[in-house]
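# Descriptive structure summary
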Amino acid sequence: MWPSASEKHPILVDTPDSAHGIDAIVLPLDENFETRLDAARRFWRALNGRPPGVLYGALPQQTKLRHILNLRAHDARRAKAAYRRIAEELLSRDPIAARDWRDHHLRHKVRAILRRADRLVAGGYRDLLLYPQSRNRKPDCRYFGKG
Amino acid sequence: MSRSDWTDPAEYEHMRGYEADEFAAEYLIRNDDFVAECDQLASSAMTSGSLAGSPDFAARWGARFHNLC
């Protein structure tokens, strides 16, 4: 680990003594190149006493709020909350009367959020691990249908 | 596994500072199959600081952890 003023840089080395005196970084030209390039850039900046700069692949605030909504809805269903109750708490400023629920527009929204959360829990999280380069990939269904 | 109280926004407030990998971890720990496999791993004897789980475990879940016990 190379602790700088603002962050730590985890470094794996082949031999225990080679962590000192690093004078080059070799990056494979694979699909993770940009992530590694950013880590290398930040490491170089720390070595030279520069501020790390903006993190590559930082999530927009709106995306963070959407993930929090997904997780809260998922936790709510696990806690056996009714969908109407989830809609009231997470999506509506006002209480929703039971008689209005059957045709309520938020009914579809709650279901959509839970579907999204289920997809991420079932394997979609792996794309988040490779964010942001995973944005450029075509979405597929490889996480579904597994036993 | 203990969960946050979904009705309390304060319990999720810290996630506003999360990046993509941290959200990925939150989704992963809500996967029942993953949790069950982790429980099995935890009950097997491991050396402190060693990597937990087989390469197969890492390949299937996309994650591997150091034993912190």
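Presented here is an overview of the structure given in this document. (Residues numbered from 1 in each chain as written. Chains lettered and ligands numbered in written order. Predicted model: local features only at pLDDT ≥ 70, side-chain atom pairs only at ≥ 80, totals over all residues. Heavy atoms only, no water.)

Another aspect to go through is helix 2 (residues 32-43) of chain B. For helix 2 of chain B, with 12 residues, the first-to-last C-alpha span of 17 Å sits near the 16 Å given by 1.5 Å per residue. The opening residue of helix 2 of chain B, the one whose side-chain oxygen lies 3.0 Å from the backbone nitrogen of D33 of chain B, is N31 of chain B. (Helix = DSSP H or I, 4+ residues; strand = E, 2+ residues; numbered from the N terminus. Expected span 1.5 Å × (residues − 1). Polar contact = N/O pair within 3.5 Å; in protein donor to acceptor, adjacent residues only side chain to side chain.)

Right, let's get into the packing of helix 2 (residues 61-78) of chain A against helix 1 (residues 20-28) of chain B. The N-to-C vectors of helix 2 of chain A and helix 1 of chain B enclose an angle of 10°; their axes lie 11 Å apart at closest approach. On the basis of the axis angle, helix 2 of chain A is roughly parallel to helix 1 of chain B. Mapping the contact onto sequence places K64, H67, I68, N70 and L71 of chain A in helix 2 of chain A and F23, E26 and Y27 of chain B in helix 1 of chain B. The residue makeup of the contact of helix 2 of chain A with helix 1 of chain B, split by class, is four nonpolar, two polar and two charged. (Axes fitted to C-alpha atoms, helices over the stretch in contact; angles between N-to-C directions. Parallel < 35°, antiparallel > 145°, perpendicular 65-115°, else oblique. Contact = heavy atoms within 4.5 Å. Nonpolar A, V, L, I, M, F, W, Y, C, P; charged D, E, K, R; others polar.)

On to the side chain of H74 of chain A. Note on placement: H74 of chain A falls in helix 2. A relative accessible area of 6% places H74 of chain A in the buried class. If near-sequence neighbours (up to four positions away) are discounted, H74 of chain A is found in contact with L114, A117, D118 and V121 of chain A together with R30 of chain B. (Buried < 20%, exposed > 50% of the residue type's maximum accessible area, 1.4 Å probe, protein only.)

In terms of nonpolar packing, the biggest core is built from 34 residues, with I86 and L128 of chain A together with W6, M15, F23 and Y27 of chain B touching the most fellow members. Residue assignment for this core shows that the elements contributing at least two residues are helix 2, helix 3 (83-90) and helix 5 (105-129) of chain A together with helix 1 and helix 3 (55-61) of chain B. Contacts of Y27 of chain B, omitting those with residues within four sequence positions, involve H67, N70, L71, A117, L120, V121, Y125 and L128 of chain A. (Core = buried A, V, L, I, M, F, W, Y, C linked by side-chain atoms within 4.5 Å.)

With 31 residues of chain A at the contact, the number on the chain B side is 26 residues. In total, chain A and chain B occlude about 2,500 Å² of area from one another, counting both sides; carbon and sulfur atoms represent 62% of this. Looking at the side of chain A facing chain B, the largest losses of area belong to L71, R72 and Y125 of chain A, adding up to 25% of the total buried there. Here chain A is connected to chain B by three salt bridges. For E19 of chain B, the salt bridge goes to K64 of chain A, with nearest N and O atoms at 3.5 Å. At the boundary of chain A with chain B, the tally comes to 15 residue pairs in polar contact (both at pLDDT 80 or more). Residue assignment for the side of chain A that touches chain B shows that the elements contributing at least two residues are helix 2, helix 3 and helix 5 of chain A. For the side of chain A that touches chain B, the leading source of residues is helix 2 of chain A, giving 12 residues. Considering only residue class, the side of chain A that touches chain B consists of 19 nonpolar, five polar and seven charged. (Buried area = accessible area lost by both parts, 1.4 Å probe. Salt bridge = Lys/Arg side-chain N within 4 Å of Asp/Glu carboxyl O.)

Next up on the list: the pattern of salt bridges. Two side chains carrying opposite charge are able to pair once their charged atoms lie near each other. Residue and element names in this part refer to chain B. Counted according to the given criterion, the structure contains 13 salt bridges over all chains. Ionic pairing is found between R16 and E13, a salt bridge with its closest N-O pair at 3.2 Å. For R16, a relative accessible area of 39% corresponds to the partly exposed category.

In this section: the packing of aromatic side chains. Residue and element names in this part refer to chain B. This structure, assessed with the given rule, holds three aromatic pairs over all chains. Summarising the aromatic geometry, the rings of F34 and F57 are spaced 6.0 Å apart at their centres and angled 35° between planes, so their arrangement reads as tilted. Here the residue F34 occupies a position in helix 2, and F57 occupies one in helix 3, the gap between them amounting to 23 residues. With relative accessibility at 3%, the residue F34 sits in the buried group. Where F34 meets W61, the ring centres are 5.2 Å apart and the plane angle is 70°; that geometry is what we call edge-to-face. Residue F34 is found in helix 2, and its partner W61 is found in helix 3; the two are separated by 27 residues along the sequence. When sorted by exposure, F34 lands in the same class as W61, which is buried. Put simply, the rings of F34, F57 and W61 pair up and form one aromatic cluster. (Phe/Tyr/Trp six-rings, centres within 6.5 Å; stacked < 30°, edge-to-face > 60°.)

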